[in-house]
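Residues per chain are reported as follows:
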Amino acid sequence: MVFEDLMNYLGSLGGDPVIYCIFLFIYVILAAVILPLPVEIALFLSAGTPFFVKALIISLGKMIGGVIAFQIGGALEGVIKRYTKWKWFNYIYKACYWLVSKFGYVGLYIILSIPFMSDTVPLYLFSLFKDDSHMTVRGFAITCFLAGFTRSIIVYIAATFFGIQLYDAPQGTEFMLI
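None of these values were measured; they are calculated from a predicted model. (Residues numbered from 1 in each chain as written. Predicted model: local features only at pLDDT ≥ 70, side-chain atom pairs only at ≥ 80, totals over all residues. Heavy atoms only, no water.)

(A) Local environment of helix 2 (residues 17-33). Taking 1.5 Å of rise per residue, the 17 residues of helix 2 would be expected to cover 24 Å, and the 24 Å separating its terminal C-alpha atoms lies within 8% of that figure. The set of residues buried in helix 2 consists of Tyr20, Cys21, Leu24, Tyr27, Val28, Ile29, Ala31, Ala32 and Val33. (Helix = DSSP H or I, 4+ residues; strand = E, 2+ residues; numbered from the N terminus. Expected span 1.5 Å × (residues − 1). Buried < 20%, exposed > 50% of the residue type's maximum accessible area, 1.4 Å probe, protein only.)

Spelled out as structure tokens, the structure:
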């Protein structure tokens, strides 16, 4: 219900690309930090906003949201470790630790590049073990930005394949992306 209301509201702003972009940016940051919702649906809204602009806003929002999650997740590491006394939790903790330490930035990039998947859990998971995997805030930010852009491009290619146009180019314009 909340997701549907957010998408309806965002869609209602589609007539004004500037207002749409501002709210899209805020929505993407919130989706990365606290809302376990995919943001790619926003690429299908506001046909008057160029695809490249929407993809860039999604990438920047994911980057800023990722940095916020990076800071919050790092602060929660000590609290999370207290629960490893429970056998089942310790098993999950060790599996997550292995995943992050084994794959680092590449693993984060691949997970965040999967369209229509929530970013919230992977961002916090990777931020919890940032010290052990030698992740920096700069590397985390760059990875989030690149994954956000990759994800948008994947959605664009899939939409184009199925004949869905994500941007109504003005008359006389030959490029669909810009």
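(B) Molecular detail of the environment of leucine 125. Examined against the element boundaries, leucine 125 turns out to sit in helix 5 (residues 120-128). We classify leucine 125 as buried; its relative accessible area is 17%. If near-sequence neighbours (up to four positions away) are discounted, leucine 125 is found in contact with Cys96, Leu99 and Val100. (Contact = heavy atoms within 4.5 Å.)

(C) Main features of a nonpolar patch on the surface. Taken together, Ile64, Ile68, Ile72, Leu76, Val79, Tyr83, Trp86, Trp88, Tyr91 and Ile92 make up a surface patch of nonpolar side chains, about 940 Å² in accessible area. Going through the elements one at a time, helix 3 (51-82) and helix 4 (87-112) are the ones with two or more residues in the nonpolar patch. On the secondary structure map, leucine 76 appears in helix 3. (Patch = residues over 30% accessible without salt bridge, like charges linked within 9 Å, V, L, I, M, F, W, Y side chains within 5 Å. Areas by Shrake-Rupley, 256 points an atom, 1.4 Å probe, with all protein chains shown as cover. Salt bridge = Lys/Arg side-chain N within 4 Å of Asp/Glu carboxyl O.)

(D) Structural detail: the pattern of salt bridges. On inspection of all chains with the given rule, the structure shows three salt bridges. Between glutamate 40 and arginine 151 there is a salt bridge, with its nearest N and O atoms 2.6 Å apart. Taken together, the residues span a long stretch of sequence, with glutamate 40 in the loop between helix 2 and helix 3 and arginine 151 in helix 6 (residues 137-161) at a distance of 111 residues. Here the two residues glutamate 40 and arginine 151 agree in accessibility, since each one is buried. Between aspartate 119 and lysine 62 there is a salt bridge, and its shortest N-O distance comes to 2.1 Å. Note that aspartate 119 is positioned in the loop between helix 4 and helix 5 and lysine 62 in helix 3, a separation of 57 residues in sequence. Here aspartate 119 matches lysine 62 in class, with each residue buried. Three or more residues joined by partner-sharing salt bridges are found here, namely Glu40, Lys62, Asp119 and Arg151.

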